[in-house]
Amino acid sequence: MNIDRKGILYAVAAYGIWGIFPLYWKLLAHVDSLEVLVSRVIWSFVFTYVFIILIKQRQLLLEDLKSLWKNKKLFLSLLGASFVISCNWFLYIFAVNNNHVVDASLGYYINPLITVVFGMIFFKEKLSKLQISAVIVAFLGVVSLTIGYGEVPWIALLIAFSFASYSALKKQITLNATRGLVLETMLMLPVAIVYYIYIMSTNKVSFLQINWETDFILVLGGIVTAFPLVLFANGAKLLPQYVIGFIQYMTPTIVLILGIVLYHEPFTKTELISFSFIWLSIIIFTFSTIYESKKRIQIKRETANVDI
């Protein structure tokens, strides 16, 4: 098996698992979304830390932590990233368990486009005319949905903006994906533990109070969170960015299908018009990304030939 095929398998597996996440979180619909979130933080930390020990990277983790502590700007960036990804996790769990699966898929469809805009605003990255066109078309899709609903699709937008913010903050930090997740969840761990102590004291806790199946699913949430991230990290190393960018649309597509077919959420003419704008923007954006990538490769080849 060549490297590209391995990378594609890793990426498809990661995005496929993320796509079927609603099936998992629906199993916890009877548990408060905030408890599901803090449980996810706690058990993600536990399992990823154990995994780091098993692969003998504990020393590297300590070195990562020391270097971040010395560089306060990077430490604050990681703290901010930990906070916004926790918000993103909560919004997604809340959306799934409150019959907004279609809204969640919309959020992840438009997220890459918002990420591009953030790159332009915060990192002075230049957008091509096609990329600007894609962003405008996506914006029209959100506007059409807002007009059709009579209200802003806030769940979709918050999911998209929180993940785009996470990406922007993480761009400043070069960490191994698995060790990065350990550190991110570690920073949120004190808050999660304090919240669990609080709900235990008020008898509003579900863990160890309902049945063993609920407890098992809550604990397993840590592995479910970490496993696709490891797959993605392996795939990202082996594939060009434009291929990853194309495969990532698997996730919202699977989520959308689940929302319509399995959970029977409404998909009226209003949603169809809005999503058509979004899909068109994705086609434009993907074409632009592939074109720009090939153009850069061609320029590098020409430069190399001149040097020779």
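Just so you know, these numbers come straight off a predicted model, no measurement behind them. (Residues numbered from 1 in each chain as written. Predicted model: local features only at pLDDT ≥ 70, side-chain atom pairs only at ≥ 80, totals over all residues. Heavy atoms only, no water.)

A. The overall build of the chain, seen in detail. For the chain, the helix and strand inventory stands at 13 helices and zero strands. Ordered by position in the sequence, the α and β elements of the chain form the string α-α-α-α-α-α-α-α-α-α-α-α-α. Here the chain holds 308 residues, and the buried ones make up 46% of them. Sequence separation of 24 or more characterises 85% of the internal contacts of the chain that already satisfy a separation of 6 or more. Distance between charge centroids for the chain: 10 Å, based on 24 positive and 16 negative side chains. (Helix = DSSP H or I, 4+ residues; strand = E, 2+ residues; numbered from the N terminus. Buried < 20%, exposed > 50% of the residue type's maximum accessible area, 1.4 Å probe, protein only. Contact = heavy atoms within 4.5 Å. Lys, Arg positive; Asp, Glu negative; His and termini not counted. Charge placed at Lys NZ, Arg CZ, Asp CG, Glu CD.)

B. Representation of a nonpolar patch on the surface. Taken together, Ile132, Ile136, Phe139, Leu140, Val143 and Ile147 make up a surface patch of nonpolar side chains, about 570 Å² in accessible area. Note on placement: Ile136 falls in helix α7 (residues 129-149). Looking at Ile136, the relative accessible area reads 48%, which means it is partly exposed. (Patch = residues over 30% accessible without salt bridge, like charges linked within 9 Å, V, L, I, M, F, W, Y side chains within 5 Å. Areas by Shrake-Rupley, 256 points an atom, 1.4 Å probe, with all protein chains shown as cover. Salt bridge = Lys/Arg side-chain N within 4 Å of Asp/Glu carboxyl O.)

C. A look at the packing of aromatic side chains. This model, assessed by the stated rule, comprises 22 aromatic pairs. Ring geometry for Tyr196 versus Phe207: centroids 6.4 Å apart, planes at 65 degrees, classification edge-to-face. Of this pair, Tyr196 sits in helix α9 (residues 177-201) while Phe207 sits in the loop between α9 and α10 (212-238), placing them eleven residues apart in sequence. You'll find Tyr196 and Phe207 in the same group, each marked buried. What links up through ring pairs into an aromatic cluster is the set Tyr109, Tyr249, Phe267, Phe275 and Trp279. Its guanidinium or amino end placed over the ring of Trp89, Arg40 lies 4.2 Å from that ring's centre, counting from NZ or CZ. When the ring centre of Trp69 is taken as reference, the NZ or CZ atom of Lys72 above it lies at 4.5 Å. (Phe/Tyr/Trp six-rings, centres within 6.5 Å; stacked < 30°, edge-to-face > 60°. Lys NZ or Arg CZ within 6 Å of the ring centre and 35° of its normal.)

D. Structural view of α10. Its 27 residues place the ends of α10 40 Å apart at the C-alpha level, agreeing with the 39 Å of an ideal helix rising 1.5 Å per residue. For α10, the capping residue at the N-terminal end is Asn211, with a side-chain oxygen 3.3 Å from the backbone nitrogen of Glu213. (Expected span 1.5 Å × (residues − 1). Polar contact = N/O pair within 3.5 Å; in protein donor to acceptor, adjacent residues only side chain to side chain.)

E. The side chain of Ser162, seen in detail. With respect to the helices and strands, Ser162 occurs in helix α8 (residues 154-170). For Ser162, a relative accessible area of 9% puts it in the buried group. What Ser162 contacts, discounting residues up to four positions off in sequence, is Val84, Asn88 and Leu91.

F. How the structure looks around the nonpolar core. By size, the foremost hydrophobic cluster in this structure holds 59 residues, and its most contacted members are Trp25, Tyr92 and Tyr196. Residue contributions to this core peak at eleven residues, all from helix α5 (residues 72-97). Sequence-distant contacts of Trp25, that is, excluding residues within four places in its chain, are made with Val36, Arg40, Tyr92, Ile93, Val96 and Asn97. Counting 26 residues, the second largest nonpolar core, distinct from the first, contains Leu145, Ala160, Ala168 and Tyr249. (Core = buried A, V, L, I, M, F, W, Y, C linked by side-chain atoms within 4.5 Å.)

G. Representation of the environment of Ala168 within the structure. Within the secondary structure, Ala168 is located in helix α8. Setting aside residues no more than four positions away along its own chain, Ala168 makes contact with Phe118 and Phe123.

H. Just unusual backbone geometry, in detail. Here the phi dihedral of Leu208 falls at roughly 70 degrees; this positive angle occurs in a residue that is not glycine. Along the polypeptide, Leu208 turns up in the loop between α9 and α10. Residue classification places Leu208 among the exposed residues on the basis of a relative accessible area of 59%.

I. Representation of the environment of Ser128. Structurally, Ser128 is set in the loop between α6 (101-122) and α7. On the basis of relative accessible area, Ser128 is assigned to the buried category, the value being 14%. When the C-alpha positions of Ser128 and Thr303 are compared, they lie 22 Å apart, and in sequence the two are 175 residues distant. The contacts of Ser128, once residues within four sequence positions are left out, are Ser288 and Glu292.

J. Spotlight on the packing of helix α3 (residues 33-54) against α5. Following both chains from N to C, one finds α3 and α5 inclined at 130 degrees, their axes separated by 9 Å at the closest point. As the angle between them shows, α3 and α5 are arranged oblique. Remark: the crossing between α3 and α5 carries right-handed chirality. On α5, the residues that touch Ser33, Leu34, Val36, Leu37, Arg40, Val41 and Ser44 of α3 are Ser86, Trp89, Phe90, Ile93 and Phe94. For the contact of α3 with α5, the per-class residue count stands at eight nonpolar, three polar and one charged. (Axes fitted to C-alpha atoms, helices over the stretch in contact; angles between N-to-C directions. Parallel < 35°, antiparallel > 145°, perpendicular 65-115°, else oblique. Left-handed = near helix turned anticlockwise from the far one by under 90°. Nonpolar A, V, L, I, M, F, W, Y, C, P; charged D, E, K, R; others polar.)

K. Summary view of the pattern of salt bridges. Scanning the model with the defined rule gives two salt bridges in all. With a shortest N-O distance of 2.5 Å, Asp64 and Arg179 are connected by a salt bridge. Taken together, the residues span a long stretch of sequence, with Asp64 in helix α4 (residues 58-70) and Arg179 in helix α9 at a distance of 115 residues. In this structure, Asp64 and Arg179 share a single accessibility class: buried. Linking Lys170 and Glu184 is a salt bridge whose minimum nitrogen-to-oxygen distance equals 2.6 Å. Taken together, the residues span a long stretch of sequence, with Lys170 in helix α8 and Glu184 in helix α9 at a distance of 14 residues. The pair Lys170 / Glu184 is uniform in exposure class, with both members buried.

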